[in-house]
Amino acid sequence: MPAKPPEQDVALRGKLRAALAPHLGLAMVFSVAVNTLFLASPLYMMQLYGRVLNSRSLETLASLSVVLVLALAAMGAADAARGRLLARAASRAERRLAQATPEGAGRQTERLRDLGVLRGFLSGTGATTLCDAPFTILFLCLLFLLHPLLGLVATLGAVTILAAVMVGRWMAAARERRIAAGEAELRDLGGMLDADRGDLAAFGARPGLSARLTGGVLALGGLRQSVDEGSASVGAFTRTVRMIAHSAALAAGAVLTLDGQLAPAAMLAAAILAGRALGPMESLLGALRQAAAARAALDRLTVRRPAAAPASPVRREAHGAAVDARRALVVIPGVRRPALRGVSAS
């Protein structure tokens with residue numbers, strides 16, 4: 001049975017969730033606006049073919065163009081507002097965690113690195129992609145409304161991409177955990193070597209520890225390479241599937257247009273909707289990797305580690321043992337000449 005998180009952890013996560021909820025909620029509201037206003041482009045295409053070309057009216061074209069520009073300008077403003085909200089959420093999370101991280105939560109360098117990972121996810125493309133991904137369902141439904149065949153083609157492409165992304169994440173998860181554990185061990189080992197003032201060399205332990213550090217770096221390099229190669233393969237596969245699904249939707253629209261079941265304007269609008277529906281799915285793998293890294297960083301920042309107990313003074317008692325040195329030499333490691341000669345002690 002998994003251990004219950006410490007109460008201080010729950011309290012800190014609750015405060016952080018409450019602090020970020022307004023920003024993230026408004027970001028989702030602006031995501032709705034962005035994806036809704038995107039529909040202005042396919043609607044403009046349909047009106048262009050349905051009204052302007054049939055009526056040959058330049059006034060209608062001008063009016064539709066003005067409406068399109070206003071809608072796209074509003075979409076850009078909503079997108080910018082969403083980015084600003086996510087950036088502010090990242091700053092607020094960074095401030096809260098920097099001020100309220102429990103005592104004993106780790107070394108300062110690790111905390112700074114984890115704060116940077118969390119901030120990079122919230123203010124970067126990972127959070128934006130995850131905000132846009134749910135609206136794939138909206139665009140697929142619109143394709144089904146245009147014609148069931150168009151919706152089926154795009155849905156098959158989206159499901160194939162999602163399955164590839166999930167398989168890629170499942171295959172990489174165990175390796176990424178091993179990489180994280182290895183990196184923590186190497187950081188501890190590197191910190192030990194950096195803090196050494198000659199004691200390790202005096203005991204002859206520094207060459208072995210340095211070789212261990214080098215071996216660990218090489219081993220982690222192999223793991224990272226396998227993860228990166230897997231991600232590259234999945235990324236190439238998803239891009240190929242997206243292009244095939246997009247072209248298939250366009251081809252299906254052409255067949256339906258030739259059969260008289262779909263207007264030419266609807267065919268072009270379907271191509272735009274299919275591209276928008278499949279776009280976030282292509283970037284989903286990278287966004288999920290960033291989200292996993294951010295979640296691990298948040299866990300390290302909020303999970304309280306037990307603080308080391310203060311060392312009690314060691315009392316040494318004599319048990320009849322004695323050390324007697326006469327005319328001894330004191331030699332500093334790495335220095336040929338003795339520092340002291342003729343030392344006597346008893």
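It should be emphasised that the depicted structure is a prediction, and the values quoted were computed from it without experimental measurement.

## Some details on the overall build of the protein
Here is step 1: Broken down by element type, the protein carries eleven helices and two strands.
Here is step 2: Taken from N to C terminus, the helices and strands of the protein fall in the order α-α-α-α-α-α-α-α-α-α-α-β-β.
Here is step 3: For the protein, the residues scored as buried account for 32% of the 346 residues in total.
Here is step 4: Restricting the contact set of the protein to residue pairs at least 6 apart, pairs at least 24 apart contribute 75%.

## Focus on the nonpolar core
Here is step 1: In this structure, Phe139, Leu140, Leu143, Leu150, Ile161 and Leu262 are the most contacted members of the largest nonpolar core, which totals 33 residues.
Here is step 2: Within the residue set of this core, elements represented by two or more residues are α3 (58-100), α6 (136-146), α7 (148-195), α9 (206-258), α10 (264-282) and α11 (284-302).
Here is step 3: For this core, the element with the most residues is α10, which contributes eight residues.
Here is step 4: Once residues within four sequence positions are removed from consideration, Leu143 is found in contact with Leu150, Gly151, Ala154, Ala270, Leu273 and Ala274.
Here is step 5: Ranked by size, the runner-up nonpolar core spans 18 residues in total, among them Leu16, Ala90, Leu122 and Leu301.

## A word on the environment of Ala173
Here is step 1: With respect to the element layout, Ala173 can be found in helix α7.
Here is step 2: The exposure class of Ala173 is partly exposed, given its relative accessible area of 23%.
Here is step 3: A sequence separation of 54 residues divides Ala173 from Val227, and the C-alpha atoms of the two residues are 9.1 Å apart.

## Some remarks on the packing of helix α5 (residues 125-132) against α11
Here is step 1: In the contact formed by α5 and α11, the axes pass within 8 Å of each other and the chain directions differ by 120°. Here α5 lies oblique to α11, going by the angle between them. Remark: the crossing between α5 and α11 carries left-handed chirality. Counting all contacts with α5, which are made through Thr125, Gly126, Thr129 and Leu130, the residues of α11 involved are Leu284, Ala287, Leu288, Gln290 and Ala291.

## Remarks on the pattern of salt bridges
Here is step 1: Counting across every chain of the model gives six salt bridges.
Here is step 2: One salt bridge connects Asp79 with Arg82, and the closest N-O pair in it is separated by 3.0 Å. Here Asp79 pairs with Arg82, and both are found in helix α3, just three residues apart, close to one helical turn.
Here is step 3: Under the relative-accessibility criterion, Asp79 is labelled partly exposed at 37%.

## Things to note about α9
Residues separated by three or four positions in an α-helix point in the same direction, a consequence of the helix having 3.6 residues per turn.
Here is step 1: With 53 residues, α9 ought to run about 78 Å at 1.5 Å a step, and its terminal C-alpha atoms sit 77 Å apart, in line with that.
Here is step 2: Looking one or two residues beyond α9, the residue adopting positive phi is Gly260, at roughly 80°.

## Some points on the packing of aromatic side chains
Here is step 1: Under the defined criterion, the tally for this structure stands at one aromatic pair.
Here is step 2: Note on Phe38 and Phe139: the rings are 5.8 Å apart at their centroids and 85° apart in plane angle, and the pair reads as edge-to-face. Remark: Phe139 occurs in helix α6 and Phe38 occurs in the loop between α1 (7-37) and α2 (40-55); sequence separation between them is 101 residues. An identical accessibility class is assigned to Phe38 and Phe139; each is buried.
Here is step 3: Above the ring of Phe38, the side-chain terminus of Arg276 is found at 4.7 Å from the ring centroid.

## Focus on the side chain of Thr129
Here is step 1: Along the chain, Thr129 falls in helix α5.
Here is step 2: Those residues within four positions of Thr129 in sequence are excluded, and the remaining contacts are Pro280, Ser283, Leu284 and Ala287.

Definitions and cut-offs
Residues numbered from 1 in each chain as written. Predicted model: local features only at pLDDT ≥ 70, side-chain atom pairs only at ≥ 80, totals over all residues. Heavy atoms only, no water. Helix = DSSP H or I, 4+ residues; strand = E, 2+ residues; numbered from the N terminus. Buried < 20%, exposed > 50% of the residue type's maximum accessible area, 1.4 Å probe, protein only. Contact = heavy atoms within 4.5 Å. Core = buried A, V, L, I, M, F, W, Y, C linked by side-chain atoms within 4.5 Å. Axes fitted to C-alpha atoms, helices over the stretch in contact; angles between N-to-C directions. Parallel < 35°, antiparallel > 145°, perpendicular 65-115°, else oblique. Left-handed = near helix turned anticlockwise from the far one by under 90°. Salt bridge = Lys/Arg side-chain N within 4 Å of Asp/Glu carboxyl O. Expected span 1.5 Å × (residues − 1). Phe/Tyr/Trp six-rings, centres within 6.5 Å; stacked < 30°, edge-to-face > 60°. Lys NZ or Arg CZ within 6 Å of the ring centre and 35° of its normal.

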